[in-house]
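The primary structure of each chain is shown beneath.
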Amino acid sequence: MASIALNSLLVPRLISEKPIVLFFALLFLMSCSSGGNESAVMDSNNHRLEASACWLDALDTLGAACGRLRVPALYDANEDPNTVERRVGYAVIPAAKPDNAALPLVYLQGGPGPSATLRAADFLPGNPAAFLREQRAVILIDYRGVGWSTPALQCEPPTDLASVQLCADAIRSEGVSLEEIRTAVFARDVDLLLEALNHERAFLVGFSYGTKVALTMARDRPQRIVGMVLDGVFPPEVNGITQSAQAALANLNYTIEQCEGNAPCRARFGDLRLILEQLAAAISEPNLAGDTLSLLAQLNRHPAAPLLSYELSHLGDNDIRTIVAAITQRLDGPGFADGDPAAEPAADPLIPEDIAHLAESVALNLAINCAEEGLFIEEQSFDADAYGFSAQVVSQLFDPAMSDGFQFACQAFEPRADAAELEPITSSIPTLLLSGGGDTSTATEWGDLVGAGLSRSTHIVIPLSGHITVGSSGCARALVSQFLSDPETILDRSCVLELENQAFPKQLVMESDNIIDEF
């Protein structure tokens, strides 16, 4: 998904509640310093690479080589060699236990908007991303406009239509063409960086919006990729604004179908769809109704989800609010999916004040969202009837009127991307697709959608996991490690089966004196 929280005027509720700007389900701010020793690049003779000191303590601790890559402002085969150039920040983190035969891995940040290099502490020992660098180097790249890339694109988070225009004007005032801020351009930057670092081939590991960058590169530069891991899949052909409710509605429908197919559940609760409809109608506060349905959708693969729906349908607003808040807080805790202590952060450092403004770019987010989604709203409509819910339930998860406001605001970010950027991707590159069973940000169905065009892909749903499975699931990390060791191997899915048995017992136990205890 590709939206950042603005306000209720411009952004669908589901996006503003859970913006897709996360590396993992857990985000850790980093300590850093502007000093440090000069870092060598892998090819000091390459004129495109400009070595520099690393800008974070975390990068120095990891022994990273840091610098900037010189890239053309606009890629054009006929452009003048003296054309305007940009600088793209990067960091190469060496492997913890180097294997000379192991190809490097490019980590593609979600969002778009956050800096990848300023989240390097995620790779420190004990943190969720550390497993990615066990045997291979990890390359972090800051998309244009954020982090250590230049020019830095900054504006205040818009609060109304006028401030959206001001944000677009701020980008142009830096002499930046909006056509530079495109997923296809980011993919070209990744390819050029690999070339400059003398890597003929590499793995791509993308999370959320980063999966879209990876898929675009698979279309435009397939020869550079040996394999892809796509976690929290965001297909180019899906509109993150108009179709943002699809994940939640699909998950609610999944819970209903699971109960219908389970005799004890069906006998205990009857028509679960009717119960959900009655619950949505009984809650007097629209925001509370949306929060409640979003929570129920997130718990679609939890055995107590039908019980929670049933219990909430008999309560008033205040009791519902208390229970939803308590369960949400518990789900947001680290390691929920597998109860895995490895998801606990080893440290919680801070980004120093002098570079904190580089950690995230609202302007970058808006430029991508508008060009690739906001201006295509009429062409990528959402089928509100696809899952058989009433208009009331649909509107509580997604207000169609908001997309009109977003489309109007995005006129400030014309021109839009080429329509070809919205076409499904076809590829024969070995690919592991991962979806969280409780992900209300990117639908599990989107993994199937992308997989249909990838002839050598495997799509695995991790039960009880949310958006970005490797952040909270040791099972997901084990699958990724297997794939990176050999993208052609038949994956051992025993850990998935164990989780499925935990999530889908033959005889659902859904009796409790305290519903919160079930979670």
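Residues numbered from 1 in each chain as written. Predicted model: local features only at pLDDT ≥ 70, side-chain atom pairs only at ≥ 80, totals over all residues. Heavy atoms only, no water.

1. Focus: the packing of helix H9 (residues 286-298) against helix H11 (residues 317-331)
Short version of the rule: Axis geometry follows a simple rule: fit a line to the C-alpha atoms, using only the stretch in contact for helices, then measure angles between N-to-C directions, giving values from 0 to 180 degrees. Helix and strand assignments follow DSSP, with helices taken as H or I runs no shorter than four residues and strands as E runs no shorter than two, numbered in order from the N terminus. An angle below 35 degrees is treated as roughly parallel, one above 145 as roughly antiparallel, one from 65 to 115 as roughly perpendicular, and anything else as oblique. Left-handed describes a crossing whose near helix is turned anticlockwise from the far helix through less than a right angle; right-handed describes the clockwise counterpart. Residue contacts are counted whenever heavy atoms from the two residues lie within 4.5 Å of one another.
Running from N to C, H9 and H11 cross one another at 40°; their axes reach a closest spacing of 10 Å. In terms of axis orientation, H9 runs oblique to H11. For the crossing formed where H9 meets H11, the hand is left-handed. Listed contacts from H11 to Leu288, Asp291, Thr292, Leu295 and Gln298 of H9 are Asp317, Ile320, Arg321, Val324, Ile327, Thr328 and Leu331.

2. Let's talk about the nonpolar core
In plain terms, the rule: Nonpolar cores were defined as sets of buried Ala, Val, Leu, Ile, Met, Phe, Trp, Tyr and Cys residues, with membership established by side-chain atoms within 4.5 Å. Type-normalised accessible area, obtained with a 1.4 Å probe on protein chains alone, sets the label of each residue: buried when under 20%, exposed when over 50%, and partly exposed for intermediate values.
Judged by nonpolar contacts, the single largest core of 61 residues is most densely connected at Leu69, Leu108, Met228 and Phe413. Beyond its immediate stretch of four places on either side in the chain, Phe413 contacts Val164, Cys167, Ala168, Ile171, Arg172, Leu178, Ala363, Leu366, Ala367, Cys370 and Leu375. Of all hydrophobic cores here, the second largest spans 49 residues; its members include Leu118, Ala121, Phe131 and Leu358.

3. Some details on the pattern of salt bridges
Quick reminder of the rule: For this document, the term salt bridge refers to a Lys or Arg side-chain nitrogen within 4 Å of an Asp or Glu carboxyl oxygen.
For the structure on display, the rule yields 15 salt bridges. One salt bridge connects Arg87 with Glu85, and the closest N-O pair in it is separated by 3.9 Å. The partly exposed category is assigned to Glu85, whose relative accessible area is 26%. Several salt bridges share partner residues, and in doing so they unite Glu50, Arg70, Glu85 and Arg87 into one network.

4. Some points on the side chain of Lys212
Here Lys212 is to be found in helix H5 (residues 209-220). Lys212 gets classed as buried once you look at its relative accessible area, which sits at 3%. Not counting residues up to four positions away in its chain, the partners in contact with Lys212 are Thr183, Phe234, Pro236 and Glu372.

5. Quick word on unusual backbone geometry
Put simply, Gly111 and Pro112 share a cis peptide bond, and its omega is -5°. Pro151 follows Thr150 through a cis peptide bond whose omega is -5°. Within the fold, Pro151 resides in the loop between strand S5 (138-141) and helix H3 (161-173).

6. Section: the state of the cysteines
The following threshold applies: Any two cysteine sulfur atoms within 2.5 Å of one another count as a disulfide.
Going through the model one piece at a time under the given rule, you end up with five disulfides. With its sulfur 2.0 Å from that of its partner, Cys259 forms a disulfide with Cys265. Judged by the sign of its S-S torsion, about -100°, the cystine formed by Cys259 and Cys265 is left-handed. Covalent S-S linkage joins Cys370 and Cys410, the inter-sulfur distance amounting to 2.1 Å. Because the sign of the S-S torsion sets the handedness, a value of about -70° for the bond joining Cys370 and Cys410 places this disulfide among the left-handed ones. In this pair, Cys370 is assigned in helix H12 (residues 362-372) and Cys410 in the loop between helix H14 (400-409) and strand S8 (431-436), connecting sequence segments 40 residues apart. Residue class for Cys370 comes out buried when judged on its relative accessible area of 1%. Look at the chain and number its bonded cysteines as they come in the sequence; the links are 1-2, 3-4, 5-6, 7-8, 9-10.

7. What to know about the confidence of the model for the chain
Stated formally: Known as pLDDT, the predictor's confidence for each residue is given on a scale from 0 to 100.
Confidence along the chain averages 83 in pLDDT terms, with 84% of residues attaining 70 or more. Note that residues 1-45 has pLDDT below 50 and, in this model, 192 contacts with residues that lie over four places away or in other chains.

8. Considerations on the pairing of strand S2 (residues 65-72)
The condition that has to hold: Pairing between strands is defined by DSSP: at least two bridges between the two strands are required.
Within S2, seven of the eight residues are buried, which leaves the element mostly enclosed by the surrounding structure. Alignment of strand S1 (residues 49-52) against S2, held across four bridges, turns out to be antiparallel. Paired with Leu49 across the strands is Leu69, a residue of S2.

9. A look at the sheet that holds S1
Read from one edge to the other, the open sheet built from nine strands follows the order S1-S2-S3-S5-S4-S6-S7-S8-S9, with strand pairing classed as mixed. Either end of the sheet is taken by a strand with one partner, and the two such strands are S1 and strand S9 (457-462). On average, adjacent strands in this sheet sit at an angle of 25° to one another, irrespective of strand direction. The strands touched by helix H4 (residues 183-196) are S1, S2, strand S3 (85-93), strand S4 (105-108), S5 and strand S6 (202-207); relative to S2, the strand with the most contacts, the crossing angle is about 120°. H5 contacts S4, S6 and strand S7 (225-231) of the sheet and is inclined by roughly 155° relative to S7.

10. Description of the environment of Asp160
As a reminder of what qualifies: By the criterion applied in these results, polar contacts are pairs of N or O atoms within 3.5 Å in which, for protein atoms, one can donate a hydrogen and the other can accept it, and in which residues neighboring in sequence qualify only through two side-chain atoms.
Mapped onto the elements, Asp160 comes out in the loop between S5 and H3. Through-space distance from the C-alpha of Asp160 to that of Ala409 is 8.7 Å; in sequence the pair is 249 residues apart. Side-chain polar atoms of Asp160 contact the backbone nitrogen of Ala162, separated by 3.3 Å.

11. A few points about H4
Side chains three or four residues apart in an α-helix point the same way, a direct result of the helix having 3.6 residues per turn. The line we're drawing: Expected helix span is taken as 1.5 Å per residue step, with the number of steps being one fewer than the number of residues.
Helix length check: H4 (14 residues) gives 20 Å between terminal C-alpha atoms against 20 Å at 1.5 Å per residue, within 8%. For H4, the complete set of buried residues consists of Thr183, Ala184, Val185, Phe186, Ala187, Asp189, Val190, Asp191, Leu192, Leu193, Leu194 and Ala196. A positive backbone phi angle near 65° is found at Asn198, which sits one or two residues after H4.

12. Description of the environment of Ala214
Of note, Ala214 is situated in helix H5. On the basis of relative accessibility, which here comes to 0%, the residue Ala214 falls in the buried class. Between the C-alpha atom of Ala214 and that of Ala187, which follows or precedes it by 27 residues, the distance is 7.2 Å. Setting aside anything within four residues of it in sequence, one finds Ala214 in contact with Leu108, Leu204, Ile225, Met228 and Leu230.

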